[in-house]
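For reference, the chains in residue letters:
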Amino acid sequence: MTTGRPRPAGRTELARRGVRLLLERGLLSPADIHRYGLTARNVSQSNGVALVELGSGRGFAVKDLAPDREPGQGDPAREVELYRAATASGDLADRVPRLLLHDADEQVLVLEGVLAARRLDLQPEPTSGRFAAELGTTLGLWHRVSTGLAPMGPARPWVLDLAGPTRPAVIDRSAELSGLVSAILADEQHADALARMRAAWTDDVLVHGDVRFANVLVRPHGVATLVDWEYAGSGDARWDVAGAVQEYVSAGETLDGAPVTALLSAYEAARGLAVDRAVLTAFVAARLLVRALQLRSWMTDPGAEIERHRRLARQVVEPVPA
């Protein structure tokens, strides 16, 4: 059932809209607010996210699915489908936030508010083996479950289309970014890694598409929860795994170090399928190149970090000396 009420323009009132919707749909009651008190705040203007929290600790994450989202914010329809499927799976309890409400008229998604959880990148020791194993388990369980779900549109990484007619238009709006792309394509090792990944790519699961520490919440009891499914779709499981591995490599860990070993072992145990390490290295190299390109936009003076990530991308595909 929908309200039929025109939605307000913009996102500045998302928290207020969220509270109203929660009350109208019975997810909150005036008695709850009177008894426990309530706070509601916008936490991400670009992604359109608000948190609504009762004093009891119960809360909700409200996401704006408006069609005027910022470029590159992914496909809201896919996000709804994935949260719906994950909520229906008992195997994924606590590992993906539960979908509580999707209102098509209001263009709002309401999820379980994982309020007591903390982002993995904000943990005191984000690269610990314990967290790595939890992340591997969450990814493995998701990939195992997703093979039984209905196919979705492709989640093809844009890094595979740096040259040709499907090259993202945003690249050529910046001389610095287009120059970096040209340098990557001219680098023999970079080009070879991208070619290997392109040749190996297969749509075998529904991927998250943007696995990184900032999209992993660690609950108080230690379970790793994946959030922000806007880039999800049919894709190659190794792209998600490589996203996690890349975070550890970027943080100074090695492919044969304890965190990556814990991650891959837990992933394989949860999914019930081994990872081809040799092919995975090309995917990790591509992820490192994605991070190098992202740094061009994220940082004021990213030169040293870009070169470090390009060096790491070469290193992960270099053969180990006999």
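Residues numbered from 1 in each chain as written. Predicted model: local features only at pLDDT ≥ 70, side-chain atom pairs only at ≥ 80, totals over all residues. Heavy atoms only, no water.

A. Expanded view of the confidence of the model for the protein. Looking at the protein, the pLDDT average stands at 90 and 91% of residues meet or exceed 70. Contacts for the low-pLDDT stretch residues 1–12, under 50 throughout, to residues beyond four places or in other chains number 34 contacts. (pLDDT = per-residue confidence, 0-100. Contact = heavy atoms within 4.5 Å.)

B. Seen up close, the side chain of Gln246. Here Gln246 lies in helix α7 (residues 237–250). In this structure Gln246 touches Val284, Arg287, Leu288 and Arg291, once residues within four positions along its chain are discounted. (Helix = DSSP H or I, 4+ residues; strand = E, 2+ residues; numbered from the N terminus.)

C. Highlighting the sheet that holds strand β6 (residues 118–119). Read from one edge to the other, the open sheet built from three strands follows the order β6-β8-β9, with strand pairing classed as antiparallel. Since the sheet does not close on itself, it has two edges, and those belong to β6 and β9 (224–226), each with one partner. As defined by bridge partners, strand β8 (residues 216–218) adjoins β9 across three bridges and the pair is classed as antiparallel. Paired with Val216 across the two strands is Leu226, which belongs to β9. Contacting β8 and β9, helix α4 (residues 129–146) runs over the sheet at an angle of about 45° to β9. (Pairing = 2+ DSSP bridges. Axes fitted to C-alpha atoms, helices over the stretch in contact; angles between N-to-C directions.)

D. Up close: unusual backbone geometry. Phi angles above zero are rare outside glycine, and Asp94 is one such case at about 75°. Note on placement: Asp94 falls in the loop between α3 (76–88) and β4 (99–103). Of note in this structure, Asp228 is not a glycine but carries a positive phi near 60°. With respect to the element layout, Asp228 can be found in the loop between β9 and β10 (233–235). Assessed through its relative accessible area of 24%, Asp228 is described here as partly exposed. (Buried < 20%, exposed > 50% of the residue type's maximum accessible area, 1.4 Å probe, protein only.)

E. Up close: the pattern of salt bridges. Summed over the entire model, instances satisfying the criterion amount to 25 salt bridges. Of the charged contacts, one joins Lys63 and Asp228 as a salt bridge, the two residues approaching to 3.4 Å between their closest N and O atoms. Here Lys63 is found in strand β3 (residues 59–64), whereas its partner Asp228 is found in the loop between β9 and β10, with 165 residues between them in sequence. Classification of Lys63 as buried rests on a relative accessible area of 3%. Residue Glu268 is joined to Arg277 by a salt bridge in which the shortest nitrogen-to-oxygen separation is 2.2 Å. Judged by its relative accessible area of 38%, Arg277 falls in the partly exposed class. By sharing partners, the salt bridges in this structure join Arg17, Arg20, Glu24, Asp64 and Glu106 into a single network. (Salt bridge = Lys/Arg side-chain N within 4 Å of Asp/Glu carboxyl O.)

F. Broad picture of the packing of α4 against α7. Between α4 and α7, whose axes approach to 10 Å, the crossing angle comes to 170°. Comparing their axes, α7 and α4 come out roughly antiparallel. Between α4 and α7, the contacting residues are Phe131, Ala132, Leu135, Leu139 and His143 on the first element and Ala237, Asp240, Val241, Ala244 and Tyr248 on the second. Along the lines of polarity and charge, the residues of the contact of α4 with α7 split into eight nonpolar, one polar and one charged. (Parallel < 35°, antiparallel > 145°, perpendicular 65-115°, else oblique. Nonpolar A, V, L, I, M, F, W, Y, C, P; charged D, E, K, R; others polar.)

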